[in-house]
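# Structural overview
The lines below spell out each chain.
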Amino acid sequence: MPLIPVSFLLSILCIGLFYHLIKSGKQSGFLLLLLLVCALQSGLIGLRYGYHLALFNGLQPIVAMTIPPLTYLALRSTAEERRVGMCQPGIHALGPIGTAICVWIAPQWLDAMVIISYLSYGLAVLVYLRPGEDRLQQIAVEKSWLSYRLWLLMAILLIGSGVSYGCLVEWVGGGRYHYQCRLCIFCRKSGWANSQPQ
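Now for a look at the structure at hand.

Each value, and the rule that gives it
- Residues numbered from 1 in each chain as written.
- Predicted model: local features only at pLDDT ≥ 70, side-chain atom pairs only at ≥ 80, totals over all residues.
- Heavy atoms only, no water.
- Helix = DSSP H or I, 4+ residues; strand = E, 2+ residues; numbered from the N terminus.
- Buried < 20%, exposed > 50% of the residue type's maximum accessible area, 1.4 Å probe, protein only.
- Contact = heavy atoms within 4.5 Å.
- Areas by Shrake-Rupley, 256 points an atom, 1.4 Å probe, with all protein chains shown as cover.
- Phe/Tyr/Trp six-rings, centres within 6.5 Å; stacked < 30°, edge-to-face > 60°.
- Axes fitted to C-alpha atoms, helices over the stretch in contact; angles between N-to-C directions.
- Parallel < 35°, antiparallel > 145°, perpendicular 65-115°, else oblique.
- Left-handed = near helix turned anticlockwise from the far one by under 90°.
- Nonpolar A, V, L, I, M, F, W, Y, C, P; charged D, E, K, R; others polar.
- Core = buried A, V, L, I, M, F, W, Y, C linked by side-chain atoms within 4.5 Å.

Attention shifts here to the overall build of the protein. On a plain count of helices and strands, the protein comes out with seven helices and zero strands. Residue burial in the protein is summarised as follows: out of 198 residues, 37% are buried. By sequence separation, contacts in the protein at least 24 residues apart represent 66% of the contacts at least 6 residues apart. A total of about 13,000 Å² of accessible surface is found on the protein, and carbon and sulfur atoms cover 70% of it.

The following block contains the structure:
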C-alpha cells in the first residue's frame, strides 16, 4: 500500500477550504493566497520527508517565508474597511526575496531569517489584535468572537513555529558547538595547550 504523508492531507484540507471560500462569495485575496501557499508548503514537506525527493529543497524555505507576511496581510485586508495599500505587499515581499537570495548565496543566514520572520510577524498580529474584537470591522458581530480567536491562534502558531525552529537549530547545531567548548575547557584545565611546543 503506497505511503501518503500526513502533510498531503493538510494540503487537501487547505485546497478544500480555498474552494469553499471561493464559492461562498467575496473573500480577501491575501487569505486565499495564504491557503494556496500553505497547501504548496505542505506538499513540498510531504515530497521531501515522505518520498525523500530533494528536487524542491531550495524552494521550501522561500515558500515558508511567504506564510508570515501573508498571514499579517490577510488579517489586515479582512479586518479593515479600507483596502491594504499596494506599497505594503511590496515591503512584505522583501523577506521571501531575501530568502531566495540566501538560498543561493548565503545559506548560513536562512535559519536566522526564518526565526526572526515568524517571531516578528506573530508579535505584529498580536499587537494588531490588542484592541480586541472591535478591531475586526468588516466581520459581523456574531462572527467576530470566533474570528478574533482564530487570528489569535494564528499569531500563537507563528510565534510557536519560530520558537520551536530556534530550539531545533540550537539542538542540532548547538551540540557541535557545546562539544567544542567543552573540549577547549578540558584542554585548558589539563594543561594540554601549554604542553605543546612553541
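So much for the structure itself; the text now carries on.
Turning next to the packing of aromatic side chains. Enumeration over the complete set of coordinates arrives at three aromatic pairs. Ring geometry for Phe-8 versus Tyr-51: centroids 5.9 Å apart, planes at 35°, classification tilted. In this pair, Phe-8 is assigned in helix 1 (residues 6–24) and Tyr-51 in the loop between helix 2 (29–50) and helix 3 (59–79), connecting sequence segments 43 residues apart. Note on Tyr-51: relative accessible area 38%, which makes it partly exposed. Aromatic pair Tyr-72 and Tyr-121: ring centres 6.2 Å apart, planes at 55°, arrangement tilted. Placement of Tyr-72 in helix 3 and of Tyr-121 in helix 6 (residues 110–128) is noted, with a sequence separation of 49 residues between them. Both residues of the pair, Tyr-72 and Tyr-121, count as buried.

Turning to the packing of helix 1 against helix 2, a few remarks are in order. Between helix 1 and helix 2, whose axes approach to 8 Å, the crossing angle comes to 160°. Taken together, the axes of helix 1 and helix 2 are roughly antiparallel relative to one another. Handedness of the helix 1/helix 2 crossing: left-handed. Side by side, helix 1 and helix 2 meet where Ser-7, Phe-8, Leu-10, Ser-11, Cys-14, Ile-15, Leu-17, Phe-18, Leu-21 and Ile-22 of the first sit next to Leu-31, Leu-32, Leu-35, Leu-36, Cys-38, Ala-39, Ser-42, Gly-43, Ile-45, Gly-46 and Leu-47 of the second. Its residues assigned to classes, the contact of helix 1 with helix 2 shows 16 nonpolar, five polar and no charged.

Moving on to the packing of helix 2 against helix 3. It is the contact of helix 2 with helix 3, at a shortest axis distance of 9 Å, that shows an interaxial angle of 155°. Here helix 2 lies roughly antiparallel to helix 3, going by the angle between them. Classified by chirality, the crossing of helix 3 by helix 2 is left-handed. Here Phe-30, Leu-31, Leu-33, Leu-34, Val-37, Cys-38, Leu-40, Gln-41, Leu-44, Ile-45, Arg-48 and Tyr-49 of helix 2 lie close against helix 3, whose contacting residues are Leu-59, Gln-60, Val-63, Ala-64, Thr-66, Ile-67, Leu-70, Thr-71, Leu-73, Ala-74 and Ser-77. The residue makeup of the contact of helix 2 with helix 3, split by class, is 17 nonpolar, five polar and one charged.

A separate point is unusual backbone geometry. Its identity is not glycine, yet His-52 carries a phi of approximately 60°, on the positive side. You can see His-52 is positioned in the loop between helix 2 and helix 3.

Moving on, we come to the nonpolar core. Counting 29 residues, the largest nonpolar core has Leu-75, Tyr-118, Val-125, Leu-129, Leu-136 and Trp-151 as its most contacted members. If you list the elements that add at least two residues to this core, you get helix 2, helix 3, helix 6 and helix 7 (141–190). It is helix 3 that provides the largest number of residues to this core, a total of 10 residues. If we skip the residues at most four places from it in the chain, Trp-151 touches Thr-71, Ala-74, Leu-75, Thr-78, Val-125, Leu-129 and Leu-136.

You can see Thr-66 is positioned in helix 3. Non-local contacts of Thr-66, meaning those with residues more than four positions away in its chain, are made with Val-37 and Pro-96.

Turning next to the environment of Val-114. Looking at where Val-114 falls in the secondary structure, it is placed in helix 6. Residue Val-114 is classed as buried on the basis of its relative accessible area of 13%. The residues touching Val-114, leaving out its near neighbours within four places in the chain, are Met-65 and Tyr-165.

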